[in-house]
Amino acid sequence: MPKDLYTDFANTGFGRTLTKNLGLPQPARLRRHRPGQPLARGPVVVLGTTEASAALAERMLGWGLDVRRHIGPKEKVAAVVACFDSVSTPAQLSEVVLELGSLLKQLMPSGRVITVFRDPTGTHDPAVRAARSAVQGLTRSTAHEMRAGGTANGIVLADSLDASAPGAAGALRFLLSGRSAFVSGQFISVDTVNGALPQDWDRPLRDQVAVVTGAARGIGASIARVLRRDGASVILVDIPAAGEQLAAVANEVSGTALQLDITTQDAGERILAHATQHYGRLDIVVHNAGITRDKLLANMDDARWNSVIAVNIESQLRMNRAFLASELFNSDAHGGSGMGPRIVSLASTSGIAGNRGQTNYAASKAGVMGMVAATSAQMASRHGTINAVAPGFIETEMTAKIPFATREVARRLNSLNQGGLPVDVAETISFLASPQAGGTSGLTLRVCGQNLVGA
(Lines give C-alpha, C1' and ligand atoms only; values in the text may rest on other atoms or scores of the structure.)
Protein backbone atom coordinates (compact mmCIF):
# COMPACT_ATOMS: atom_id res chain seq x y z
CA MET A 1 0.00 0.00 0.00
CA PRO A 2 1.47 3.43 -0.94
CA LYS A 3 2.47 5.73 1.89
CA ASP A 4 0.80 9.15 2.09
CA LEU A 5 3.90 11.22 2.81
CA TYR A 6 2.02 14.52 2.60
CA THR A 7 -0.37 13.51 5.41
CA ASP A 8 2.61 12.42 7.50
CA PHE A 9 4.28 15.80 6.93
CA ALA A 10 1.09 17.80 7.54
CA ASN A 11 0.78 16.20 10.97
CA THR A 12 4.20 17.35 12.16
CA GLY A 13 4.50 20.61 14.07
CA PHE A 14 6.34 22.34 11.24
CA GLY A 15 4.04 20.79 8.65
CA ARG A 16 0.90 22.00 10.40
CA THR A 17 2.24 25.55 10.53
CA LEU A 18 3.46 25.56 6.95
CA THR A 19 0.32 24.04 5.39
CA LYS A 20 -1.89 26.41 7.39
CA ASN A 21 0.10 29.48 6.37
CA LEU A 22 0.13 28.45 2.72
CA GLY A 23 -3.55 27.53 2.70
CA LEU A 24 -2.80 23.92 1.70
CA PRO A 25 -4.93 20.88 2.58
CA GLN A 26 -4.52 19.75 6.18
CA PRO A 27 -5.42 16.05 6.37
CA ALA A 28 -5.81 14.87 9.96
CA ARG A 29 -5.16 11.49 11.51
CA LEU A 30 -8.56 9.80 11.51
CA ARG A 31 -9.94 8.02 14.56
CA ARG A 32 -10.52 4.45 13.39
CA HIS A 33 -12.25 1.64 15.27
CA ARG A 34 -10.41 -0.58 17.69
CA PRO A 35 -12.32 -3.24 19.62
CA GLY A 36 -12.84 -2.20 23.22
CA GLN A 37 -12.20 1.49 22.70
CA PRO A 38 -14.80 4.05 23.92
CA LEU A 39 -17.57 4.80 21.45
CA ALA A 40 -17.08 8.53 22.03
CA ARG A 41 -14.19 10.26 23.79
CA GLY A 42 -16.28 13.02 25.36
CA PRO A 43 -19.79 14.43 25.75
CA VAL A 44 -22.43 13.90 23.08
CA VAL A 45 -24.84 16.82 22.75
CA VAL A 46 -28.40 16.09 21.58
CA LEU A 47 -30.25 19.00 19.99
CA GLY A 48 -34.01 19.23 19.47
CA THR A 49 -36.97 18.29 21.60
CA THR A 50 -38.49 15.72 19.29
CA GLU A 51 -39.54 12.12 19.73
CA ALA A 52 -36.34 10.94 18.06
CA SER A 53 -34.15 13.12 20.28
CA ALA A 54 -35.65 11.52 23.39
CA ALA A 55 -35.37 7.97 22.06
CA LEU A 56 -31.78 8.35 20.83
CA ALA A 57 -30.64 10.16 23.98
CA GLU A 58 -32.04 7.30 26.07
CA ARG A 59 -30.30 4.79 23.80
CA MET A 60 -26.93 6.53 24.16
CA LEU A 61 -27.32 6.76 27.95
CA GLY A 62 -27.79 3.00 27.88
CA TRP A 63 -24.44 2.73 26.10
CA GLY A 64 -22.81 4.64 28.95
CA LEU A 65 -22.18 7.84 26.99
CA ASP A 66 -22.04 11.29 28.56
CA VAL A 67 -25.21 12.69 26.95
CA ARG A 68 -25.95 16.38 27.37
CA ARG A 69 -28.70 18.76 26.30
CA HIS A 70 -26.55 21.80 26.99
CA ILE A 71 -22.83 22.29 27.41
CA GLY A 72 -20.50 25.01 28.64
CA PRO A 73 -18.87 27.34 26.10
CA LYS A 74 -15.36 26.05 26.84
CA GLU A 75 -16.08 22.31 27.01
CA LYS A 76 -15.02 20.03 24.18
CA VAL A 77 -17.64 17.89 22.46
CA ALA A 78 -17.20 14.45 20.85
CA ALA A 79 -20.39 14.55 18.80
CA VAL A 80 -23.60 16.48 18.16
CA VAL A 81 -26.84 14.69 17.29
CA ALA A 82 -29.24 17.22 15.75
CA CYS A 83 -32.83 15.99 15.48
CA PHE A 84 -35.18 17.45 12.88
CA ASP A 85 -37.72 14.64 12.71
CA SER A 86 -40.74 16.86 13.41
CA VAL A 87 -40.04 19.79 11.08
CA SER A 88 -42.90 20.72 8.78
CA THR A 89 -41.52 23.90 7.19
CA PRO A 90 -37.99 25.20 6.48
CA ALA A 91 -38.57 28.07 8.90
CA GLN A 92 -38.58 25.55 11.77
CA LEU A 93 -34.96 24.53 11.13
CA SER A 94 -33.29 27.64 12.45
CA GLU A 95 -33.27 27.05 16.21
CA VAL A 96 -31.51 23.67 16.04
CA VAL A 97 -29.30 24.67 13.09
CA LEU A 98 -27.97 27.78 14.80
CA GLU A 99 -27.37 25.87 18.01
CA LEU A 100 -25.48 23.25 15.98
CA GLY A 101 -23.39 25.97 14.36
CA SER A 102 -22.39 27.37 17.74
CA LEU A 103 -21.01 23.98 18.77
CA LEU A 104 -18.87 23.21 15.72
CA LYS A 105 -15.79 25.00 17.09
CA GLN A 106 -16.04 22.92 20.28
CA LEU A 107 -15.79 19.58 18.47
CA MET A 108 -12.84 17.35 19.28
CA PRO A 109 -10.62 15.98 16.47
CA SER A 110 -12.55 13.34 14.48
CA GLY A 111 -15.75 14.82 15.92
CA ARG A 112 -19.14 13.80 14.65
CA VAL A 113 -22.26 15.66 13.53
CA ILE A 114 -25.27 13.42 12.94
CA THR A 115 -28.58 14.81 11.72
CA VAL A 116 -31.80 12.81 12.15
CA PHE A 117 -34.85 13.50 10.01
CA ARG A 118 -37.76 11.92 8.17
CA ASP A 119 -37.60 10.66 4.58
CA PRO A 120 -38.37 13.56 2.22
CA THR A 121 -40.01 11.16 -0.25
CA GLY A 122 -42.44 10.04 2.45
CA THR A 123 -44.65 13.10 2.06
CA HIS A 124 -46.46 14.97 -0.74
CA ASP A 125 -46.78 18.14 1.33
CA PRO A 126 -44.52 20.73 -0.36
CA ALA A 127 -43.56 22.52 2.86
CA VAL A 128 -42.79 19.31 4.75
CA ARG A 129 -40.76 17.90 1.89
CA ALA A 130 -38.88 21.18 1.53
CA ALA A 131 -37.98 21.13 5.22
CA ARG A 132 -36.78 17.53 5.12
CA SER A 133 -34.81 18.07 1.92
CA ALA A 134 -33.25 21.15 3.48
CA VAL A 135 -31.76 18.95 6.20
CA GLN A 136 -29.99 16.93 3.49
CA GLY A 137 -28.49 20.10 2.08
CA LEU A 138 -27.32 21.49 5.39
CA THR A 139 -25.84 18.12 6.36
CA ARG A 140 -23.77 17.89 3.17
CA SER A 141 -22.55 21.47 3.53
CA THR A 142 -21.70 20.94 7.20
CA ALA A 143 -19.62 17.92 6.17
CA HIS A 144 -17.60 20.18 3.85
CA GLU A 145 -16.98 22.55 6.77
CA MET A 146 -15.77 19.94 9.26
CA ARG A 147 -12.16 20.12 10.39
CA ALA A 148 -9.56 17.86 12.03
CA GLY A 149 -10.96 14.61 10.66
CA GLY A 150 -14.55 15.35 11.63
CA THR A 151 -17.51 14.01 9.67
CA ALA A 152 -21.18 14.92 9.23
CA ASN A 153 -23.80 12.39 8.15
CA GLY A 154 -27.54 11.86 8.40
CA ILE A 155 -29.98 9.17 9.51
CA VAL A 156 -33.17 9.15 7.44
CA LEU A 157 -36.13 7.59 9.23
CA ALA A 158 -39.14 6.26 7.33
CA ASP A 159 -42.20 8.39 7.90
CA SER A 160 -43.90 6.22 10.51
CA LEU A 161 -40.86 4.46 11.95
CA ASP A 162 -40.29 4.67 15.69
CA ALA A 163 -36.85 6.15 16.41
CA SER A 164 -36.27 3.40 18.97
CA ALA A 165 -36.09 0.82 16.13
CA PRO A 166 -32.91 -1.31 16.14
CA GLY A 167 -31.88 0.05 12.75
CA ALA A 168 -31.86 3.63 14.03
CA ALA A 169 -29.67 2.64 16.97
CA GLY A 170 -27.37 0.65 14.69
CA ALA A 171 -26.92 3.55 12.27
CA LEU A 172 -26.32 5.98 15.14
CA ARG A 173 -23.67 3.78 16.71
CA PHE A 174 -21.92 3.22 13.37
CA LEU A 175 -21.78 6.95 12.62
CA LEU A 176 -20.55 7.81 16.13
CA SER A 177 -17.80 5.20 16.00
CA GLY A 178 -14.43 5.00 14.32
CA ARG A 179 -15.92 2.43 11.95
CA SER A 180 -17.25 5.33 9.86
CA ALA A 181 -13.94 7.25 9.77
CA PHE A 182 -14.03 7.79 5.98
CA VAL A 183 -17.82 8.19 5.62
CA SER A 184 -18.93 11.82 5.40
CA GLY A 185 -21.76 13.74 3.78
CA GLN A 186 -23.80 10.52 3.50
CA PHE A 187 -27.20 9.31 4.65
CA ILE A 188 -28.26 5.97 6.11
CA SER A 189 -31.93 5.27 5.56
CA VAL A 190 -33.80 3.14 8.08
CA ASP A 191 -37.07 1.92 6.64
CA THR A 192 -38.27 -0.97 8.83
CA VAL A 193 -38.20 -2.28 12.39
CA ASN A 194 -36.25 -5.33 11.18
CA GLY A 195 -32.94 -6.15 12.78
CA ALA A 196 -31.68 -6.74 16.28
CA LEU A 197 -29.08 -5.24 18.57
CA PRO A 198 -26.12 -7.55 19.26
CA GLN A 199 -25.28 -8.68 22.77
CA ASP A 200 -21.62 -7.96 22.07
CA TRP A 201 -21.05 -4.82 19.98
CA ASP A 202 -17.46 -5.87 19.29
CA ARG A 203 -18.58 -9.21 17.81
CA PRO A 204 -21.94 -8.53 16.14
CA LEU A 205 -21.40 -11.28 13.54
CA ARG A 206 -20.80 -14.07 16.02
CA ASP A 207 -21.92 -17.48 14.68
CA GLN A 208 -22.51 -16.08 11.18
CA VAL A 209 -20.94 -17.56 8.03
CA ALA A 210 -19.83 -15.16 5.33
CA VAL A 211 -18.40 -15.56 1.84
CA VAL A 212 -16.16 -12.88 0.33
CA THR A 213 -15.22 -12.92 -3.35
CA GLY A 214 -11.93 -11.42 -4.50
CA ALA A 215 -10.55 -12.07 -1.03
CA ALA A 216 -6.88 -12.78 -1.80
CA ARG A 217 -5.65 -9.22 -1.41
CA GLY A 218 -6.46 -5.52 -1.02
CA ILE A 219 -9.98 -4.56 -0.02
CA GLY A 220 -11.19 -8.17 -0.21
CA ALA A 221 -8.57 -9.40 2.26
CA SER A 222 -9.38 -6.50 4.58
CA ILE A 223 -13.09 -7.39 4.43
CA ALA A 224 -12.28 -10.97 5.40
CA ARG A 225 -10.19 -9.79 8.36
CA VAL A 226 -12.84 -7.40 9.66
CA LEU A 227 -15.67 -9.93 9.29
CA ARG A 228 -13.57 -12.46 11.21
CA ARG A 229 -12.70 -9.89 13.89
CA ASP A 230 -16.43 -9.20 14.23
CA GLY A 231 -17.15 -12.87 14.86
CA ALA A 232 -17.97 -14.44 11.48
CA SER A 233 -16.52 -17.58 9.95
CA VAL A 234 -15.30 -16.65 6.48
CA ILE A 235 -15.17 -18.46 3.13
CA LEU A 236 -12.60 -16.73 0.93
CA VAL A 237 -13.04 -16.93 -2.85
CA ASP A 238 -10.63 -15.90 -5.59
CA ILE A 239 -9.33 -17.11 -8.93
CA PRO A 240 -6.92 -20.08 -9.03
CA ALA A 241 -4.05 -17.80 -10.12
CA ALA A 242 -4.29 -16.07 -6.71
CA GLY A 243 -4.37 -19.39 -4.86
CA GLU A 244 -1.21 -18.85 -2.81
CA GLN A 245 -2.27 -15.41 -1.56
CA LEU A 246 -5.79 -16.69 -0.95
CA ALA A 247 -4.53 -19.55 1.21
CA ALA A 248 -2.37 -17.16 3.24
CA VAL A 249 -5.31 -14.85 4.04
CA ALA A 250 -7.58 -17.83 4.75
CA ASN A 251 -5.05 -19.20 7.25
CA GLU A 252 -4.71 -15.77 8.85
CA VAL A 253 -8.47 -15.52 9.50
CA SER A 254 -8.96 -19.25 10.24
CA GLY A 255 -11.29 -19.44 7.25
CA THR A 256 -11.60 -21.75 4.27
CA ALA A 257 -10.39 -20.99 0.75
CA LEU A 258 -12.28 -21.72 -2.45
CA GLN A 259 -10.43 -21.23 -5.73
CA LEU A 260 -13.12 -20.25 -8.19
CA ASP A 261 -13.67 -18.11 -11.27
CA ILE A 262 -16.92 -16.34 -10.39
CA THR A 263 -17.84 -15.95 -14.06
CA THR A 264 -18.41 -19.70 -14.40
CA GLN A 265 -22.06 -20.59 -14.78
CA ASP A 266 -22.27 -22.64 -11.58
CA ALA A 267 -20.21 -20.33 -9.31
CA GLY A 268 -23.15 -19.73 -6.95
CA GLU A 269 -23.90 -23.45 -6.63
CA ARG A 270 -20.22 -24.22 -5.92
CA ILE A 271 -20.11 -21.61 -3.15
CA LEU A 272 -23.28 -23.09 -1.65
CA ALA A 273 -21.78 -26.57 -1.83
CA HIS A 274 -18.62 -25.38 -0.08
CA ALA A 275 -20.66 -23.65 2.63
CA THR A 276 -22.78 -26.77 3.14
CA GLN A 277 -19.74 -29.04 3.41
CA HIS A 278 -17.75 -26.86 5.84
CA TYR A 279 -20.36 -24.93 7.85
CA GLY A 280 -23.88 -26.14 7.09
CA ARG A 281 -25.10 -22.58 6.55
CA LEU A 282 -24.48 -19.33 4.68
CA ASP A 283 -25.62 -16.00 6.13
CA ILE A 284 -23.63 -13.21 4.45
CA VAL A 285 -22.49 -12.73 0.86
CA VAL A 286 -19.98 -9.99 0.00
CA HIS A 287 -19.57 -9.44 -3.74
CA ASN A 288 -16.17 -7.77 -3.74
CA ALA A 289 -14.46 -9.23 -6.83
CA GLY A 290 -14.05 -6.76 -9.64
CA ILE A 291 -11.72 -5.73 -12.44
CA THR A 292 -10.88 -2.63 -14.45
CA ARG A 293 -9.96 -2.53 -18.15
CA ASP A 294 -9.82 1.20 -18.75
CA LYS A 295 -10.00 2.69 -22.22
CA LEU A 296 -11.73 5.64 -23.82
CA LEU A 297 -15.03 4.52 -25.30
CA ALA A 298 -13.81 5.49 -28.78
CA ASN A 299 -11.03 2.90 -28.40
CA MET A 300 -12.98 0.28 -26.45
CA ASP A 301 -12.80 -3.30 -27.75
CA ASP A 302 -14.99 -6.33 -27.12
CA ALA A 303 -12.59 -7.95 -24.67
CA ARG A 304 -12.31 -4.93 -22.39
CA TRP A 305 -16.02 -4.20 -22.35
CA ASN A 306 -17.31 -7.75 -21.98
CA SER A 307 -14.80 -8.91 -19.35
CA VAL A 308 -15.65 -6.00 -17.01
CA ILE A 309 -19.38 -6.51 -17.40
CA ALA A 310 -19.01 -10.27 -16.91
CA VAL A 311 -16.98 -10.05 -13.68
CA ASN A 312 -18.43 -6.94 -12.07
CA ILE A 313 -22.16 -7.41 -12.56
CA GLU A 314 -23.27 -10.45 -14.60
CA SER A 315 -21.55 -12.83 -12.17
CA GLN A 316 -23.30 -11.18 -9.20
CA LEU A 317 -26.71 -11.43 -10.86
CA ARG A 318 -26.17 -15.11 -11.62
CA MET A 319 -24.84 -15.99 -8.16
CA ASN A 320 -27.66 -14.10 -6.44
CA ARG A 321 -30.21 -16.15 -8.38
CA ALA A 322 -28.56 -19.30 -7.02
CA PHE A 323 -28.40 -17.98 -3.45
CA LEU A 324 -32.01 -16.80 -3.44
CA ALA A 325 -33.15 -20.17 -4.77
CA SER A 326 -31.41 -21.99 -1.93
CA GLU A 327 -32.87 -22.65 1.50
CA LEU A 328 -29.28 -22.67 2.83
CA PHE A 329 -29.11 -18.89 2.31
CA ASN A 330 -31.86 -18.16 4.78
CA SER A 331 -30.62 -17.33 8.24
CA ASP A 332 -34.09 -17.52 9.77
CA ALA A 333 -34.14 -21.19 8.79
CA HIS A 334 -31.11 -21.84 11.00
CA GLY A 335 -32.92 -20.55 14.07
CA GLY A 336 -31.68 -18.33 16.83
CA SER A 337 -29.74 -15.83 14.76
CA GLY A 338 -32.45 -13.17 14.83
CA MET A 339 -31.46 -11.82 11.42
CA GLY A 340 -32.15 -12.67 7.83
CA PRO A 341 -29.49 -13.14 5.15
CA ARG A 342 -27.31 -10.28 4.00
CA ILE A 343 -25.81 -9.35 0.62
CA VAL A 344 -23.35 -6.46 0.29
CA SER A 345 -21.92 -5.53 -3.11
CA LEU A 346 -19.02 -3.30 -4.06
CA ALA A 347 -20.07 -0.40 -6.25
CA SER A 348 -17.94 2.67 -6.96
CA THR A 349 -18.18 6.43 -7.10
CA SER A 350 -17.36 5.95 -10.80
CA GLY A 351 -20.79 4.39 -11.13
CA ILE A 352 -22.34 7.55 -9.65
CA ALA A 353 -20.31 10.35 -11.23
CA GLY A 354 -18.69 8.59 -14.18
CA ASN A 355 -14.98 8.69 -14.91
CA ARG A 356 -13.00 9.35 -18.07
CA GLY A 357 -11.78 6.10 -19.61
CA GLN A 358 -14.10 3.97 -17.48
CA THR A 359 -17.36 3.62 -19.40
CA ASN A 360 -17.22 -0.15 -18.94
CA TYR A 361 -16.38 0.03 -15.23
CA ALA A 362 -18.89 2.82 -14.52
CA ALA A 363 -21.61 0.89 -16.37
CA SER A 364 -20.92 -2.24 -14.33
CA LYS A 365 -20.90 -0.38 -11.00
CA ALA A 366 -24.05 1.60 -11.81
CA GLY A 367 -25.51 -1.79 -12.67
CA VAL A 368 -24.58 -3.04 -9.20
CA MET A 369 -26.51 -0.17 -7.62
CA GLY A 370 -29.52 -0.89 -9.78
CA MET A 371 -29.35 -4.59 -8.92
CA VAL A 372 -29.22 -3.82 -5.21
CA ALA A 373 -32.24 -1.53 -5.35
CA ALA A 374 -34.28 -4.05 -7.35
CA THR A 375 -33.32 -7.10 -5.25
CA SER A 376 -34.26 -5.43 -1.98
CA ALA A 377 -37.90 -6.59 -2.23
CA GLN A 378 -36.83 -10.22 -2.74
CA MET A 379 -34.56 -10.07 0.29
CA ALA A 380 -37.33 -8.53 2.39
CA SER A 381 -39.40 -11.71 2.03
CA ARG A 382 -36.63 -13.45 4.02
CA HIS A 383 -36.23 -10.56 6.46
CA GLY A 384 -32.89 -10.05 4.75
CA THR A 385 -31.16 -7.04 3.27
CA ILE A 386 -29.04 -6.14 0.27
CA ASN A 387 -26.93 -2.99 0.08
CA ALA A 388 -23.95 -1.61 -1.79
CA VAL A 389 -20.83 0.27 -0.74
CA ALA A 390 -19.29 2.76 -3.18
CA PRO A 391 -15.65 3.47 -2.34
CA GLY A 392 -13.93 6.63 -3.49
CA PHE A 393 -10.13 6.92 -3.56
CA ILE A 394 -8.81 4.05 -1.44
CA GLU A 395 -5.10 3.33 -0.87
CA THR A 396 -4.58 0.00 -2.63
CA GLU A 397 -2.09 -1.69 -4.92
CA MET A 398 -4.28 -0.56 -7.83
CA THR A 399 -4.30 3.14 -6.89
CA ALA A 400 -0.56 2.95 -6.16
CA LYS A 401 -0.05 2.51 -9.91
CA ILE A 402 -1.69 5.87 -10.68
CA PRO A 403 0.91 8.50 -11.70
CA PHE A 404 2.11 10.50 -8.69
CA ALA A 405 0.56 13.88 -9.56
CA THR A 406 -2.80 12.36 -10.49
CA ARG A 407 -2.78 10.27 -7.30
CA GLU A 408 -2.07 13.30 -5.13
CA VAL A 409 -4.95 15.25 -6.68
CA ALA A 410 -7.30 12.28 -6.23
CA ARG A 411 -6.30 11.97 -2.57
CA ARG A 412 -7.07 15.61 -1.74
CA LEU A 413 -10.38 15.92 -3.64
CA ASN A 414 -12.55 15.11 -0.65
CA SER A 415 -13.53 16.78 2.59
CA LEU A 416 -11.00 14.77 4.61
CA ASN A 417 -8.12 15.65 2.21
CA GLN A 418 -6.75 12.10 2.10
CA GLY A 419 -7.33 8.67 0.66
CA GLY A 420 -9.28 6.07 2.56
CA LEU A 421 -7.90 2.71 3.66
CA PRO A 422 -9.21 -0.72 2.69
CA VAL A 423 -10.32 -1.16 6.30
CA ASP A 424 -12.68 1.82 5.92
CA VAL A 425 -14.57 -0.05 3.20
CA ALA A 426 -14.45 -3.26 5.23
CA GLU A 427 -15.87 -1.60 8.36
CA THR A 428 -18.85 -0.27 6.38
CA ILE A 429 -19.50 -3.65 4.81
CA SER A 430 -19.37 -5.34 8.20
CA PHE A 431 -21.89 -2.81 9.52
CA LEU A 432 -24.30 -3.40 6.63
CA ALA A 433 -23.93 -7.17 7.16
CA SER A 434 -24.72 -6.90 10.86
CA PRO A 435 -28.01 -7.55 12.71
CA GLN A 436 -28.22 -3.90 13.77
CA ALA A 437 -28.46 -2.84 10.11
CA GLY A 438 -31.57 -4.93 9.47
CA GLY A 439 -33.73 -1.85 8.83
CA THR A 440 -31.60 -0.68 5.90
CA SER A 441 -31.91 -2.26 2.45
CA GLY A 442 -31.50 -1.16 -1.18
CA LEU A 443 -29.01 1.53 -0.14
CA THR A 444 -25.71 2.50 -1.78
CA LEU A 445 -23.48 4.03 0.89
CA ARG A 446 -20.42 5.94 -0.26
CA VAL A 447 -17.10 5.52 1.56
CA CYS A 448 -15.26 8.37 -0.05
CA GLY A 449 -14.60 11.11 2.52
CA GLN A 450 -17.24 13.16 0.68
CA ASN A 451 -15.42 13.12 -2.61
CA LEU A 452 -16.17 16.31 -4.50
CA VAL A 453 -16.88 14.42 -7.70
CA GLY A 454 -20.52 13.53 -8.15
CA ALA A 455 -23.43 13.89 -5.75
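Residues numbered from 1 in each chain as written. Predicted model: local features only at pLDDT ≥ 70, side-chain atom pairs only at ≥ 80, totals over all residues. Heavy atoms only, no water.

Where do I start with empty space enclosed by the protein in this structure?
Regions of empty space are outlined by a rolling probe, equal in size to a water molecule, passed over the atoms. Tallied over the entire structure, the rule returns 1 cavity of 30 Å³ or more. Looking at the largest cavity, its volume works out to about 60 Å³. R31, L39, A40, R41, A78, A79, M108, P109, S110, G111 and L176 are the residues that line the largest cavity. For the lining of the largest cavity, the secondary structure elements donating two or more residues are β3 (77–83) and β4 (107–118). Among the elements that line the lining of the largest cavity, the one with the most residues is β4, at 4 residues. Residues belonging to the lining of the largest cavity are distributed by class as follows: 7 nonpolar, 2 polar and 2 charged. (1 Å grid on protein atoms, 1.4 Å probe; cavity = no way out; pocket = protein on both sides within 12 Å on 5 of 7 lines; lining within 4 Å. Points joined across faces, edges and corners; volume = space filled by probe spheres on them. Helix = DSSP H or I, 4+ residues; strand = E, 2+ residues; numbered from the N terminus. Nonpolar A, V, L, I, M, F, W, Y, C, P; charged D, E, K, R; others polar.)

Would you mind showing me how to read the layout of surface pockets here?
Within this model, the second largest pocket holds a volume of roughly 710 Å³. Along the wall of the second largest pocket there are 29 residues; nearest its centre are Q26, M146, R147, A148 and G149. Elements that contribute at least two residues to the lining of the second largest pocket include exactly α2 (13–22), β4 and α5 (126–145). A per-element tally of the lining of the second largest pocket places β4 first, with 4 residues. For the lining of the second largest pocket, a count of residues per class yields 14 nonpolar, 9 polar and 6 charged.

Explanation requested: a nonpolar patch on the surface in the structure shown.
Side chains of F9, F14, L18, L22 and L24 sit close together on the surface and give an oily, nonpolar patch of about 460 Å² of accessible area. For the nonpolar patch, the element with the most residues is α2, which contributes 3 residues. Within the fold, F9 resides in helix α1 (residues 5–10). Residue classification places F9 among the partly exposed residues on the basis of a relative accessible area of 31%. (Patch = residues over 30% accessible without salt bridge, like charges linked within 9 Å, V, L, I, M, F, W, Y side chains within 5 Å. Areas by Shrake-Rupley, 256 points an atom, 1.4 Å probe, with all protein chains shown as cover. Salt bridge = Lys/Arg side-chain N within 4 Å of Asp/Glu carboxyl O. Buried < 20%, exposed > 50% of the residue type's maximum accessible area, 1.4 Å probe, protein only.)

Explain the packing of aromatic side chains here, please?
To describe a pair of aromatic rings, one takes the distance between the centres and the angle between the planes. Here the structure, examined in full by the defined rule, presents 5 aromatic pairs. Seen in terms of ring centroids, F174 and F431 are 4.4 Å apart; in terms of plane orientation they differ by 10°. Their pairing is stacked. Placement of F174 in helix α6 (residues 166–176) and of F431 in helix α16 (residues 422–432) is noted, with a sequence separation of 257 residues between them. The pair F174 / F431 is uniform in exposure class, with both members buried. (Phe/Tyr/Trp six-rings, centres within 6.5 Å; stacked < 30°, edge-to-face > 60°.)

Please explain the packing of helix α9 (residues 267–278) against helix α10 (residues 302–324) as it appears in this structure.
Helix packing for two helices is described by the angle between their axes and how far apart those axes are. Two elements in contact, α9 and α10, have axes whose closest approach is 7 Å; the angle formed by their N-to-C orientations is 45°. Viewed along their axes, α9 and α10 adopt a mutual orientation that is oblique. When the axes of α9 and α10 are compared, the crossing they make is right-handed. Counting all contacts with α9, which are made through A267, G268, E269, I271 and L272, the residues of α10 involved are M319, A322 and F323. Looking at side-chain class alone, the contact of α9 with α10 contains 6 nonpolar, 1 polar and 1 charged residues. (Axes fitted to C-alpha atoms, helices over the stretch in contact; angles between N-to-C directions. Parallel < 35°, antiparallel > 145°, perpendicular 65-115°, else oblique. Left-handed = near helix turned anticlockwise from the far one by under 90°. Contact = heavy atoms within 4.5 Å.)

In this structure, what is going on with helix α15 (residues 404–412)? I would like to understand it.
Every α-helix carries 3.6 residues per turn, so stepping three or four residues along brings you back to the same face. Of all the residues in α15, the buried ones are R407, E408, R411 and R412. Down the axis of α15, the buried set is contained in an arc of 125°. They therefore lie on one face. Turning to α15, the residues buried within the fold contact α1 and α14 (397–400). (Arc of directions from axis to C-beta.)

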